Amino acid sequence: MSYVLNGSDASAIPDETRQRILDAAAQLGYTPNRVAQSLRTQKTRTIAGIIEDITNPFHPAFERGIQEVAEANGYDLIMYNTDGAIDKERKALSSVLEGRADGVIGSFYHMQIADFLPLLTRGIAVVRLNGIDALADTDYPLDTLFLDNTAAARMAVEFLIEAGHRRIAMLAGTSPPRQDRLRGYRQALEQHGIIYDETLVEANDFSVAEGKRGMAVLLTRIPRPTAVFAASDLLAMGAMLSIQQAGLRIPQEIAVVGFDDIFAAELVSPPLTTVAQFQDQMGRRAAEMLFERLSGRVTAPGRRENMPYQLIVRGSA
């Protein structure tokens, strides 16, 4: 009976018997005791998600993708918020190491391979979400799922260049994806013979308020930029507020392109042209990679997988 109720391998038990046990458990309102199971199996049946900003609208679809796969595998999901701070990243990993989760999916801006070794030696699976340059391939079972931020940003800026823009500003953000997206911006300019002008780049937190502030600064440049590429949709939406408050039309006088394709991107006026990251797919794939490790289906050294992206053209550019 315990094999059936605890989700263990009950393949030797006839289907009819298994169903009678499940029906009886349902009538009695039986639910397995997770604490007791954990003590016996040394498994928590829980995975951890570690992200830098739980308030960012990018994350709900991503978290939902993880949760769907976790639930399908009989696992719960707990989330940690780090604010991108090194001490909070370490604290979250320490919490997991204390036995609160069997696996981790996370965005880590400061952790190195050595920081993950205590988890890996305990059999705790890790999937790291990072840019293309993060963590070279290793002999450790440490998986990395990444988006090529440089190529995606280059594509977005090339779209503006092909539309005839030559004076293109950028709201670059301050979080680690900033460097890759700024690199893509500069590459696109260089490949089309446009001189990089550092006065057209504003570094801001990924927020509407900072996008608004940064765009207000860019509007004072002479000559004024005719387009702006924002490293996040929140920055782009803030930029649109500044542009409209200045009495300028989007996209006729200034075109705007964002990055992320959050839910609100198609609700602003005009709807935002942006780079879609497919957050739900990213969450699902990260969780699939994690459970491939937890189940033992994958034992090879660390894998690196690149996620798709797409420019979604709407009314702002």
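It should be emphasised that the depicted structure is a prediction, and the values quoted were computed from it without experimental measurement.

Each value, and the rule that gives it
Residues numbered from 1 in each chain as written. Predicted model: local features only at pLDDT ≥ 70, side-chain atom pairs only at ≥ 80, totals over all residues. Heavy atoms only, no water. Phe/Tyr/Trp six-rings, centres within 6.5 Å; stacked < 30°, edge-to-face > 60°. Buried < 20%, exposed > 50% of the residue type's maximum accessible area, 1.4 Å probe, protein only. Helix = DSSP H or I, 4+ residues; strand = E, 2+ residues; numbered from the N terminus. Lys NZ or Arg CZ within 6 Å of the ring centre and 35° of its normal. Core = buried A, V, L, I, M, F, W, Y, C linked by side-chain atoms within 4.5 Å. Contact = heavy atoms within 4.5 Å. Polar contact = N/O pair within 3.5 Å; in protein donor to acceptor, adjacent residues only side chain to side chain. Pairing = 2+ DSSP bridges. Axes fitted to C-alpha atoms, helices over the stretch in contact; angles between N-to-C directions. Right-handed = clockwise from strand over helix to strand, strands pointing away.

Enquirer: Explain the packing of aromatic side chains here, please?
Expert: Going through the model one piece at a time under the given rule, you end up with 4 aromatic pairs. Between Phe108 and Phe116, the ring centres sit 5.1 Å apart and the planes meet at 75°, which makes this aromatic pair edge-to-face. Across the pair, exposure class does not vary: Phe108 and Phe116 are buried alike. When the ring of Tyr185 is compared with that of Tyr196, the centres are 6.3 Å apart and the planes differ by 75°; the resulting orientation is edge-to-face. With Tyr185 in helix α8 (residues 177–191) and Tyr196 in the loop between α8 and β7 (201–202), this pair connects stretches of sequence that are 11 residues apart. Its relative accessible area of 0% is what places Tyr185 among the buried residues. For Arg181, the ring lying beneath its charged end belongs to Phe259, and the centroid distance is 3.8 Å. A cation sits over an aromatic face here: Arg186 above Tyr196, 3.7 Å from the ring centre.

Enquirer: When you look at the nonpolar core in this model, what are you seeing that I'm missing?
Expert: Nonpolar side chains tend toward joint burial in soluble globular proteins. Ranked by internal contacts, the top residues of the largest apolar core, which has 67 residues, are Ile105, Tyr185 and Phe229. The residues touching Tyr185, leaving out its near neighbours within four places in the chain, are Ala153, Val157, Ile168, Ala169, Met170, Tyr196, Leu200 and Val201. One finds Val96, Phe108, Phe116 and Leu142 within the second-largest nonpolar core, a separate group that totals 16 residues.

Enquirer: Is there a simple way to explain the side chain of Thr44 in this structure?
Expert: Here Thr44 lies in the loop between α3 (34–41) and β1 (46–51). A polar contact of 3.1 Å, which involves the side chain of Thr44, links it to the backbone nitrogen of Thr46.

Enquirer: Even after reading the chapter, I still don't get the sheet that holds strand β11 (residues 304–306), so can you show me in this structure?
Expert: Whenever strands of a sheet pair, they do so through backbone hydrogen bonds, lying parallel or antiparallel. Across the sheet, 6 strands lie side by side as β2-β1-β3-β4-β5-β11; this open sheet has parallel pairing. Either end of the sheet is taken by a strand with one partner, and the two such strands are β2 (76–81) and β11. Adjacent strand axes in the sheet meet at a mean angle of 20°, parallel and antiparallel pairs treated alike. With 3 bridges joining them, strand β5 (residues 142–146) and β11 adopt parallel strand pairing. If you follow Phe146 over to β11, its bridge partner there is Asn306. The strands that helix α4 (residues 59–72) touches are β1, β2, β3 (103–107) and β4 (125–129); relative to β1, the one it contacts most, it runs at about 165°. Together, β1, β2 and β3 form the strand contacts of helix α5 (residues 86–100), whose direction differs from that of β2 by roughly 150°.

Enquirer: Please explain the pairing of β3 as it appears in this structure.
Expert: The buried count for β3 comes to 5 of 5 residues, which makes it a mostly enclosed element. Of the two faces of β3, the one carrying Gly103, Ile105 and Ser107 and the one carrying Val104 and Gly106 are both buried. By the bridge criterion, 4 bridges tie β1 to β3 in an arrangement that is parallel. Bridged to Ile47 within β3 is Gly103. Once the chain exits β3 it traverses helix α6 (residues 113–121) before rejoining the sheet at β4, and the crossover so formed is right-handed.

Worth remembering: the numbers are spatial, not functional.
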